[in-house]
Amino acid sequence: MRLFIGSLPRPLLQTALEVLGEPAPLMVLPASAESLPVRLPNLASITWHQLWHSLDAELPPDAIAAAHRTACAEVCQQMLSDSDYFGAVRRSPRFHRQLMERFVEWRRDGLTPERLERAADAICQPPWDSIAGLDAPELRDEWRRKAGELCVLWREWEQVLEARALPNPGANGWILLERLRQRRPTLPPRLLLWGFDDLRTVDIELLHALERHGCEVNLALLNRSIALERLQPLLDEAPIQVGEPSPAPSANITLLSVADPLREAEAVARQVLSHLQRGVAPEQMLILVRHPASVAERLSLIFERYGIPLALEAPLPLSASPLVRVMLDALRLLAGDGVGADWLEWLKNPYLGWSRERSYRLTQLRRQARPADEWLDMTRQHDGLEPAVRTLLDQLAELRDRLRSPSADLVGVLTALAQSLAPEATDGTARNELTALNALLELTRAYMPLLRALSPASAVAQLAWICQSETCTHVWGRRGVRVLPLEAAPLLQAEIVFIMELIEGVLPRRQPDDPFLRESERCALRDFFESVGEKVSLPLRSERQRLEPLLFRAAVACATQQLYLSYPRTMDNSETLPSSYLSMVCDPSPPAPLPTLRERGAGTTETRFYRLEELAPPEEERLHPYDRLLASALEAAPATTPDVSDRLTLPRTRQRVMTIDRVFSVSELETLHRCPFQHLFRHQLRVRVPQRGLQLSQIGRVVHSALRHAYRQHRSLAPDSPEWAQVLIDSLQRVLASEPLELTHWQLQVLDAYATRLLNLFAQREARYRRQFGLEPRHFEWAFGTPADGDEENPLTPSPDRYDPDSIAGALRLPLGDGQSVRVSGVVDRIDFSPDGAVAMITDYKLTRSPHRKELEAGEAFQPLLYLLTVRARYAPKRVVIAFDELSRGRRVRFVPYDEALIRRFRAGEWEGSPAEIMAVLPDRRLEQAISQLREELRHLLTLLQNAIITPTPGSHCRLCAFGDLCRKAQR
């Protein structure tokens, strides 16, 4: 057996071929090379697995299937308890997967349960106990406990495989080795293994067996490969050392320093596009990244924007498939977990192909807060259902019964769901979904023995947990620029190579310790087996760590003409550190304002620094219509506009915002004053953010409705009557029973208890206020102009009887000066009048704080001032009092005109707290000044709308703004 050692794969291969001469050897590549574009100089090649199957066609497959993992899961759950060493994770699918993979690896390395059991006691004795770190008695007990459980689980797993006639993936090599000893196969004269970084014990034994049968075996390994030490005793002669090449590659190097991962993908895409326009074939370009799945979405979207063909395959968790998530959500609802709102959300999934009108009609059926089973049964009985909807709901009810039957046909339920949801394989996305669906069905079949023993809800939850640890290959494209893992670099070569995400922690990556056999335990086991002459090789973490610099050198050497090294300066909202390996080829420090060039070796090194603020690429990089349009939009912005995002440019939306000859609601004007950006989304684009769970606004609307119902239905009942409090509570119960609240049972209980407390507080003080103020309530939910229900988020009662029938005919027309005016509509919660009509009090119910006096005098409190002007115009009272009933604090804050009789009449009671916080005097001069300030502010806001300016106004409201994620100035 002859060995060639070098630092770079291609020079190593060239030297090995020159030394070997003719006849040319058969090239043997790692099993992973089967899916790689490996180019060899006119040599016949075969992968590792293909070689062994060519020697014995009856060799069982060594692939790990779902049935192997299922067997391991069954063994762990049957053999372990909570008190065992691995008892806490005995139900974890990720633990089952990792444990089974270790069993396969250890068997290939020559370790068996018998050997591990025998060595476990030995390494507790000197001198191996010091190597394993088992000096303390408690550590030795822990080791014996862990090793004992591993041996028991391992034996039991292999016995289950044998009982079920499943091939043992770890034993295939040993089976082939035994067969080679019994017969002489037809062998190629010479073999050359290239691209390997490790060889298992069984692999080395198989190579040795081939040599005994007359086959010449040659290996070309990197000089720090894991297998070097284990190969030394088998070498016929000293290894041939290939000379060290220069650390700097001959290709030109460009270092891309970008702001974040998204900008990194854009920078790479633009460089790829520039090479495509120069005539470089996509197959001659290669992108290497540590984890292709982590960049797949970014690259695929950006490459699609630029029209760049992409070839990318990466494993993703099965739960990442949208179709699998839809299937699991359906199973969860069929098992009875969820409410009607969850069913409505599920029925919007795109695989059903339903129109928005059909989904909207379903949402009008209400009852969304009812349990999932009750909602499904009640909806099926509805008379207005379309035939297609009724058919689907009937099928779902039938599947629910099948799922909960004693046989619990989970596979049959999934298959039936797949017939309704599975898309046709017309494009790559649909093919990926079908692949994930088939993997889900196979996984469910394999795990049925475990799932059948659980309740339907527990079985569905367990299946969802399993799908998080199982992976499925997702394909983003099969032809074009290839994106491959960094580990494949030793076998690849291309004209243009990109290496992405070169940051510390990614390259070099710190190899984790094995939780089953730690580094010190592996060292002690290796020394023990070496002392007794048994061939067992357990790779160490330190040995795998030594491969990191070799991997980077091999990746750099892949490029023949141009090499791009990129790294993001920030990732996941934190700063990164460029990889220390960059110093091998170029200087990663930020450059001067202009790119710097410097000679190094046969190529050049260029550094390009991309700033986050640069929206459009430089002129020399505008290679695509998208880039040119982006640059044109920025250049077309007026020089006086500080931020192009402050002014709308889309014609239809711009015209919609600029239209001011219409009726504005009070709520809309308040939002516009608070933040024009929020006003655009809420009142112009009508974007509605779905609310989940119990919200404070829902409590406020329920209390408002209860007060309105109580006052309208019981006008003759005096507030000091003992029945008044009970009337409020009865009205609350009526509202809760009639309104479709999207809440769970416990949330409804919280709402009921809180609203009851607020109404009891209100009932206690209402009689006092009536006697003290001398006013009688006349109007509740009094609307002026057209009631604007659309301005409220999730209006509780959109029916016409919500508003007081005694409404004025039109909206308030407020003159603003210079011939301008604005029409305003709104709804006043309550208006009280004195018996002679000379004094009116406008009351607004509040769950949050009421406006301060300074805000009112500055004209910033739009609502009370506009309400005051409207009541003046409609009823012409001599005096108007502005009041805010703070329901949660149990008090009524009022602003009283300067009138001594009114001041005495509305003064704060001793039971209300601080008089300065309860009542404030608002002289007529200050009130008129506030109205003047209001007119000026409204004039300014309408000017903004006429110019389509939507400048965000940051402030404390940003914390609760539903559109803050879309705003570049939000303060959070």
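Here the structure is shown first, and the text comes after it.
Described in the following lines is the structure provided in the data block. Quantities reported herein were computed from a predicted structural model and do not represent experimental measurements.

Pro-126 connects to Pro-127 through a cis peptide bond whose omega is 0 degrees. Residue position: Pro-127 is located in the loop between α5 (113–122) and α6 (128–132). The omega torsion across Leu-507 and Pro-508 is 5 degrees, close enough to zero to call that bond cis. Within the fold, Pro-508 resides in the loop between β12 (494–499) and α21 (519–531). Unusually for a residue other than glycine, Ala-876 sits at a positive phi of about 50 degrees. Structurally, Ala-876 can be placed in the loop between α32 (862–875) and β23 (879–886).

Consecutive side chains along a regular strand alternate between the two faces of the sheet. Across the six residues that make up β12, a large majority, five, are buried. Sheet analysis places β12 next to strand β13 (residues 559–568), joined by five bridges and oriented parallel. Residue pairing for β13: Ile-499 is matched across the bridge by Leu-565.

With that settled, consider the side chain of Ser-537. Its location among the elements puts Ser-537 in the loop between α21 and α22 (541–545). We classify Ser-537 as buried; its relative accessible area is 4%. A distance of 2.4 Å separates a polar atom in the side chain of Ser-537 from a polar atom in the side chain of Thr-201. Residues in contact with Ser-537, not counting those within four places in the same chain, are Asp-109, Thr-201 and Arg-230.

With that settled, the discussion passes to a nonpolar patch on the surface. Where nonpolar side chains cluster on the molecular surface, the patch consists of Leu-685, Val-687 and Val-689 and spans about 190 Å² of accessible area. Its location among the elements puts Val-689 in the loop between α27 (676–684) and α28 (696–713). Classification of Val-689 by relative accessible area gives partly exposed; the value is 42%.

Topologically, Leu-36 is positioned in the loop between β2 (26–29) and β3 (45–47). In this structure Leu-36 comes out as buried when scored by relative accessible area, which is 14%. As a C-alpha pair, Leu-36 and Val-824 span 788 residues in sequence and 69 Å in three-dimensional space. Residues in contact with Leu-36, not counting those within four places in the same chain, are Leu-484, Ala-488, Leu-491 and Leu-492.

With that settled, the discussion passes to the packing of aromatic side chains. One pass over the full model with this rule turns up 29 aromatic pairs. Among the aromatic residues, those joined into a cluster by ring pairs are Tyr-711, Trp-724, Phe-762, Phe-780 and Tyr-845. Positioned above the aromatic ring of Tyr-626, the side-chain terminus of Arg-305 is 4.0 Å from the ring centre.

The first and last C-alpha atoms of helix α4 (residues 93–108) sit 23 Å apart over 16 residues, in line with the 22 Å expected at 1.5 Å per residue. Buried within α4 we find Pro-93, Phe-95, His-96, Arg-97, Leu-99, Met-100, Arg-102, Phe-103, Val-104, Trp-106 and Arg-107. Gly-110 sits one or two positions beyond α4 and adopts a positive phi of about 95 degrees.

What counts and how
Residues numbered from 1 in each chain as written. Predicted model: local features only at pLDDT ≥ 70, side-chain atom pairs only at ≥ 80, totals over all residues. Heavy atoms only, no water. Helix = DSSP H or I, 4+ residues; strand = E, 2+ residues; numbered from the N terminus. Buried < 20%, exposed > 50% of the residue type's maximum accessible area, 1.4 Å probe, protein only. Pairing = 2+ DSSP bridges. Polar contact = N/O pair within 3.5 Å; in protein donor to acceptor, adjacent residues only side chain to side chain. Contact = heavy atoms within 4.5 Å. Patch = residues over 30% accessible without salt bridge, like charges linked within 9 Å, V, L, I, M, F, W, Y side chains within 5 Å. Areas by Shrake-Rupley, 256 points an atom, 1.4 Å probe, with all protein chains shown as cover. Salt bridge = Lys/Arg side-chain N within 4 Å of Asp/Glu carboxyl O. Phe/Tyr/Trp six-rings, centres within 6.5 Å; stacked < 30°, edge-to-face > 60°. Lys NZ or Arg CZ within 6 Å of the ring centre and 35° of its normal. Expected span 1.5 Å × (residues − 1).

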